[in-house]
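Chain residues, written in single-letter form:
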Amino acid sequence: MKSHKLTFQQTGIVAIGQAVCVGIMLIIFYVIGQFDRKVLLGGICGGALAVANFFFLALSADMAISKAENKDVKGGQAAVQLSYGVRMIALFVILFILVKSGLCNVITAVLPLVFTRPILTVAELFRKQGESNA
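What you see is a predicted model, and the numbers here were worked out from it, not measured in a lab. (Residues numbered from 1 in each chain as written. Predicted model: local features only at pLDDT ≥ 70, side-chain atom pairs only at ≥ 80, totals over all residues. Heavy atoms only, no water.)

1. Digging into the packing of aromatic side chains
Piece 1. The tally for this structure, following the rule as stated, stands at four aromatic pairs.
Piece 2. Ring centres of Tyr30 and Phe35 lie 6.4 Å apart, and the angle between their planes is 75°; on these two criteria the pair is classed as edge-to-face.
Piece 3. Its relative accessible area of 35% is what places Phe35 among the partly exposed residues.
Piece 4. Put simply, the rings of Phe8, Phe55 and Phe56 touch in pairs and so form one group of aromatic residues. (Phe/Tyr/Trp six-rings, centres within 6.5 Å; stacked < 30°, edge-to-face > 60°. Buried < 20%, exposed > 50% of the residue type's maximum accessible area, 1.4 Å probe, protein only.)

So, in structure tokens, the structure goes:
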């Protein structure tokens, strides 16, 4: 259960970071005069997909750790590989449907997926600063 608490905590950090990054992205689109409903929906859907992708990644990592602790390393590896495949296919299908339906701007729907790694890096820097100051 402790690992699930960490998963939810990290997912919350990613969600907050996504909200900030998507907000900045939407402001940039507004400033350059390209803001419309498709841009807004793309940002919202892309951010939500990025958070969901991270959440399911973290859950599969938790499952793999549990299996490894129970001496089932191959089962853990298989769980992570299956999770990766399913997540990538689901992301592709959902993004394809959103973009082809004309509901979302391609750039604003895909860009939030790129934000996750920098969000985690910045969060880790803040965490390490907090530890060194304590």
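2. Focus on helix α2 (residues 37–69)
Piece 1. In this model α2 runs 48 Å from its N-terminal to its C-terminal C-alpha over 33 residues, within 8% of the 48 Å that 1.5 Å per residue would give.
Piece 2. Residue Asp36 occupies the N-cap position of α2, its side-chain oxygen lying 3.2 Å from the main-chain nitrogen of Lys38. (Helix = DSSP H or I, 4+ residues; strand = E, 2+ residues; numbered from the N terminus. Expected span 1.5 Å × (residues − 1). Polar contact = N/O pair within 3.5 Å; in protein donor to acceptor, adjacent residues only side chain to side chain.)

3. Describing a nonpolar patch on the surface
Piece 1. Nonpolar side chains collect at one region of the surface, where Ile16, Val20, Ile24, Ile27, Ile28, Tyr30, Val31, Ile32, Phe35, Leu40 and Ile44 lie side by side and expose about 1100 Å² of accessible area between them.
Piece 2. Elements with a contribution of two residues or more to the nonpolar patch: α1 (2–31) and α2.
Piece 3. It is α1 that provides the largest number of residues to the nonpolar patch, a total of seven residues. (Patch = residues over 30% accessible without salt bridge, like charges linked within 9 Å, V, L, I, M, F, W, Y side chains within 5 Å. Areas by Shrake-Rupley, 256 points an atom, 1.4 Å probe, with all protein chains shown as cover. Salt bridge = Lys/Arg side-chain N within 4 Å of Asp/Glu carboxyl O.)

4. A few points about the side chain of Arg87
Piece 1. Counting through the fold element by element, Arg87 comes out in helix α3 (residues 73–100).
Piece 2. One buried charged side chain, Arg87, makes no salt bridge at all; its nearest oppositely charged neighbour is Asp62, positioned 12 Å away.
Piece 3. Those residues within four positions of Arg87 in sequence are excluded, and the remaining contacts are Asn53, Phe56 and Leu57. (Lys, Arg positive; Asp, Glu negative; His and termini not counted. Contact = heavy atoms within 4.5 Å.)

5. Some details on the nonpolar core
Piece 1. Formed by Val22, Met25, Leu26, Phe29, Val39, Phe115 and Ile119, the largest nonpolar core amounts to seven residues.
Piece 2. Breaking this core down by element, the ones donating at least two residues are α1 and α4 (106–133).
Piece 3. Here the element with the most residues in this core is α1; it accounts for four residues.
Piece 4. Each residue touching Leu26, except ones within four places of it in the same chain, is listed here: Phe35, Val39 and Leu40. (Core = buried A, V, L, I, M, F, W, Y, C linked by side-chain atoms within 4.5 Å.)

6. Quick notes on the environment of Phe8
Piece 1. Inspection of the secondary structure puts Phe8 in helix α1.
Piece 2. Considering only alpha carbons, one finds Phe8 and Ala58, 50 residues apart in sequence, at a separation of 8.8 Å.

7. Some remarks on the packing of α2 against α3
Piece 1. It is the contact of α2 with α3, at a shortest axis distance of 8 Å, that shows an interaxial angle of 170°. Between α2 and α3, the interaxial angle falls into the category roughly antiparallel. Touching Cys45, Leu49, Asn53, Phe56, Leu57, Ser60, Met63, Ala64, Lys67 and Ala68 of α2 are Val73, Gly75, Gly76, Ala79, Val80, Ser83, Arg87, Met88, Leu91, Ile94, Leu95 and Leu98, all from α3.
Piece 2. When its residues are assigned to classes, the contact of α2 with α3 shows 15 nonpolar, five polar and two charged. (Axes fitted to C-alpha atoms, helices over the stretch in contact; angles between N-to-C directions. Parallel < 35°, antiparallel > 145°, perpendicular 65-115°, else oblique. Nonpolar A, V, L, I, M, F, W, Y, C, P; charged D, E, K, R; others polar.)

8. Re α3
Piece 1. Here α3 is 28 residues long and its end C-alpha atoms lie 40 Å apart, about the 40 Å a rise of 1.5 Å per residue gives.
Piece 2. Buried residues of α3: Gly75, Gly76, Ala79, Ser83, Arg87, Leu91, Leu95 and Leu98, and no others.
Piece 3. Two residues or fewer after α3 comes Gly102, characterised by a positive phi angle close to 85°.

9. A look at the layout of surface pockets
Piece 1. The computed volume of the largest pocket comes to approximately 210 Å³.
Piece 2. Together, Leu6, Gln9, Gln10, Ile13, Leu120, Ala123, Glu124, Phe126 and Arg127 line the largest pocket.
Piece 3. Listing elements by their share of the lining of the largest pocket, those giving two or more residues are α1 and α4.
Piece 4. With five residues, α4 is the largest single contributor of residues to the lining of the largest pocket.
Piece 5. A class-by-class count of the residues in the lining of the largest pocket yields five nonpolar, two polar and two charged.
Piece 6. In this model, the second largest pocket occupies a volume close to 180 Å³.
Piece 7. In terms of lining, the second largest pocket is formed by Leu49, Ala52, Asn53, Phe56, Ser83, Val86, Arg87, Ala90, Leu91 and Ile94. (1 Å grid on protein atoms, 1.4 Å probe; cavity = no way out; pocket = protein on both sides within 12 Å on 5 of 7 lines; lining within 4 Å. Points joined across faces, edges and corners; volume = space filled by probe spheres on them.)

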